[in-house]
Amino acid sequence: MTPSTSGRELRADARLNREQIIEAARVLFAERGPDVPAEEVARRACVGTGTLYRRFPDRQALISAVASDGLHRVVAVARTAEDEEPDAWRALTRFVHQAGAELRLATWLSVWFASAWADLQQDPENRRLRKTLLKIIDRLVRRAQVDGDMRPDVDTGDLALLIALLLRPIPGLSAELTQRSADRSLVLMLDSLRPRGDAQQLPGQGISTADIDPGNYQTLASEAIAGGDAPGDGQPLRSQASGNPSGQGSGATKS
């Protein structure tokens, strides 16, 4: 084996380990909330805790990676829905249903780890992806309204913030009940967006994408629904052995 081949294999192994850790953390955060021990993440990822800490030395690094991965997934779902569905309303409905789990986790992370989430919003790649996502949703909203499939007094920012509010974790509810409630609420939301002759006119001016742009409004979810900073985001992941804390308690042109 040549040195260059060995180096490529090491890089491939490191990349695979990173992907496995992110996936394990994503699933465990969704299943059990913020207080997940480092050993549990490593065990689910089939790596050692030393490997986990080499890739993600503190909780904020892991949160940022999980959030970035989720945002890439959401943008991919939106693009695919727009490209494949025959009309904008079906694309919008497909996006909401298929991206629901990722959007729910993003909303939960913004509440559990508010200070880390606020820092993440300043990342250029994160901001680029969020703008891309909002452009896609905005196109779908405008087209659905032109087609007569969506009430005309709703703006894209209204929809984005409504999704964030509906997906907010409710203290005291189990993860299963929270997920079931969110799924049902999203269906009710979609029904409320359909045009009806007896629908009440929404008060005030619609909330646009400019209103929720990161430059004007720090984040879709955390500033809308979080109650303050979460302490200790830069601390190591909680360890079952050491007891280190892990967090708070249990149209436009296509881009």
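The rules behind the values
- Residues numbered from 1 in each chain as written.
- Predicted model: local features only at pLDDT ≥ 70, side-chain atom pairs only at ≥ 80, totals over all residues.
- Heavy atoms only, no water.
- Helix = DSSP H or I, 4+ residues; strand = E, 2+ residues; numbered from the N terminus.
- Areas by Shrake-Rupley, 256 points an atom, 1.4 Å probe, with all protein chains shown as cover.
- Axes fitted to C-alpha atoms, helices over the stretch in contact; angles between N-to-C directions.
- Parallel < 35°, antiparallel > 145°, perpendicular 65-115°, else oblique.
- Left-handed = near helix turned anticlockwise from the far one by under 90°.
- Contact = heavy atoms within 4.5 Å.
- Nonpolar A, V, L, I, M, F, W, Y, C, P; charged D, E, K, R; others polar.
- Buried < 20%, exposed > 50% of the residue type's maximum accessible area, 1.4 Å probe, protein only.
- Core = buried A, V, L, I, M, F, W, Y, C linked by side-chain atoms within 4.5 Å.
- Patch = residues over 30% accessible without salt bridge, like charges linked within 9 Å, V, L, I, M, F, W, Y side chains within 5 Å.
- Salt bridge = Lys/Arg side-chain N within 4 Å of Asp/Glu carboxyl O.
- 1 Å grid on protein atoms, 1.4 Å probe; cavity = no way out; pocket = protein on both sides within 12 Å on 5 of 7 lines; lining within 4 Å.
- Points joined across faces, edges and corners; volume = space filled by probe spheres on them.
- Expected span 1.5 Å × (residues − 1).
- Polar contact = N/O pair within 3.5 Å; in protein donor to acceptor, adjacent residues only side chain to side chain.

### What about the overall build of the chain?
Each helix and strand in the chain was counted, giving 11 helices and 0 strands. Carbon together with sulfur atoms contributes 50% to the accessible area of the chain, which is approximately 12,900 Å² in total.

### Some points on the packing of helix 9 (residues 156–166) against helix 10 (residues 175–192)
Running from N to C, helix 9 and helix 10 cross one another at 155°; their axes reach a closest spacing of 10 Å. Considering the angle they form, helix 9 stands roughly antiparallel to helix 10. Judged by the sense of rotation from one axis to the other, the crossing of helix 9 with helix 10 is right-handed. Judged by residue contacts, Leu159, Leu162, Ile163 and Leu166 of helix 9 engage Ala182, Ser185, Leu186 and Met189 from helix 10. Considering only residue class, the contact of helix 9 with helix 10 consists of 7 nonpolar, 1 polar and no charged.

### Describing unusual backbone geometry
Look at Cys46: it is not a glycine, yet its phi comes out positive at around 60°. Within the fold, Cys46 resides in the loop between helix 2 (38–45) and helix 3 (49–55). The class for Cys46 is exposed, based on a relative accessible area of 69%.

### Comments concerning the nonpolar core
Counting 31 residues, the largest nonpolar core has Leu92, Phe95, Leu133, Met150, Leu159, Met189 and Leu193 as the members making the most contacts within it. Sorting the residues of this core by element identifies helix 4 (59–84), helix 5 (88–98), helix 8 (124–146), helix 9 and helix 10 as the ones contributing at least two each. Of the residues forming this core, the biggest block, 7 residues, is contributed by helix 8. The next biggest cluster of nonpolar side chains, apart from the first, holds 25 residues, and it includes Ile21, Trp108, Leu109 and Trp117.

### Describing the environment of Leu129
Structurally, the position occupied by Leu129 is in helix 8. By relative accessible area, which is 4% here, Leu129 ends up buried. Sequence separation between Leu129 and His72 is 57 residues; the distance between their C-alpha atoms is 7.2 Å. For Leu129, the residues in contact, after removing those within four places along its chain, are Leu71, His72 and Val75.

### So, a nonpolar patch on the surface
On the surface, Ile170, Leu173 and Leu177 cluster together to form a nonpolar patch covering roughly 220 Å² of accessible area. With respect to the helices and strands, Ile170 occurs in the loop between helix 9 and helix 10.

### Regarding the environment of Ala45
Looking at where Ala45 falls in the secondary structure, it is placed in helix 2. Since its relative accessible area comes to 2%, Ala45 is described here as buried. Separated by 26 residues in the primary sequence, Ala45 and Glu19 place their C-alpha atoms 8.7 Å from one another.

### Some thoughts on the layout of surface pockets
If a probe as big as a water molecule is rolled over the atoms, it shows which places are left empty. Roughly 180 Å³ of internal volume is contained in the second largest pocket. Lining the second largest pocket we find Arg151, Val154, Gly157, Asp158, Leu159, Leu161, Leu162, Ser192, Leu193, Gln200, Leu202 and Ile207. Tallying contributions element by element places helix 9 first for the lining of the second largest pocket, with 5 residues. Tallied by class, the residues present in the lining of the second largest pocket amount to 7 nonpolar, 3 polar and 2 charged.

### Structural notes on helix 8
Every α-helical turn comprises 3.6 residues, leaving residues that sit three or four positions apart pointing alike. For helix 8, built from 23 residues, the straight-helix expectation of 33 Å at 1.5 Å per residue is met to within 8% by its first-to-last C-alpha distance of 33 Å. Following helix 8 by one or two positions, Gly148 adopts a phi angle in the positive range, close to 80°.

### Digging into the side chain of Asp153
The residue Asp153 is located in the loop between helix 8 and helix 9 in this model. When its relative accessible area of 16% is taken as the criterion, Asp153 is described as buried. At 2.7 Å, the side chain of Asp153 forms a polar contact with the side chain of Arg151. A polar side-chain atom of Asp153 sits 3.1 Å from the main-chain amide nitrogen of Leu202. Leaving out residues up to four positions away in the same chain, Asp153 has contacts with Asp158, Gln200, Gln201 and Leu202.

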